[in-house]
Amino acid sequence: MSPAIVLESTLTCPHCGHVATETMPTDACIWFYDCLGCGVKLKPQPGDCCVFCSYADVPCPPIQVDGKGCCG
């Protein structure tokens, strides 16, 4: 039995430290995220597939399932 996929993830802005819990989609990548604290547009860091893999406490569903990014 495979472990349950976690869809809630908490993003932390590297610019202002604002924290927001968001629901991750299972059928799309989130390449950009506008910080609700300072308005900066977050983009994935080099080597990451999405903003959740770069700035959140739980990686995106495809990484959770098989270790492969949502766009790779």
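These figures come from a predicted structure and were not determined experimentally.

S.K.: So what's going on with the pattern of salt bridges? Which residues, and what values?
M.R.: According to the stated counting rule, one finds 1 salt bridge in the structure shown. Among the ionic pairs, Asp 34 bridges to Lys 41, the shortest N-O distance being 3.5 Å. Looking at Asp 34, the relative accessible area reads 43%, which means it is partly exposed.

S.K.: Now, about the pairing of strand S1 (residues 8-12): what can you tell me, with residues and values included?
M.R.: Of the two faces of S1, only the one carrying Ser 9 and Leu 11 is buried; Glu 8, Thr 10 and Thr 12 on the other face are not. As judged from the 5 bridges shared by S1 and strand S2 (residues 19-23), these two strands associate in the antiparallel manner. Among the inter-strand pairings, Thr 12 is bridged to a residue of S2, identified as Val 19. Turn length for the S1-S2 hairpin, with the two strands adjacent in sequence and antiparallel, is 6 residues, and the turn residue Gly 17 shows positive phi of about 85 degrees.

The rules behind each value
Residues numbered from 1 in each chain as written. Predicted model: local features only at pLDDT ≥ 70, side-chain atom pairs only at ≥ 80, totals over all residues. Heavy atoms only, no water. Salt bridge = Lys/Arg side-chain N within 4 Å of Asp/Glu carboxyl O. Buried < 20%, exposed > 50% of the residue type's maximum accessible area, 1.4 Å probe, protein only. Helix = DSSP H or I, 4+ residues; strand = E, 2+ residues; numbered from the N terminus. Pairing = 2+ DSSP bridges.

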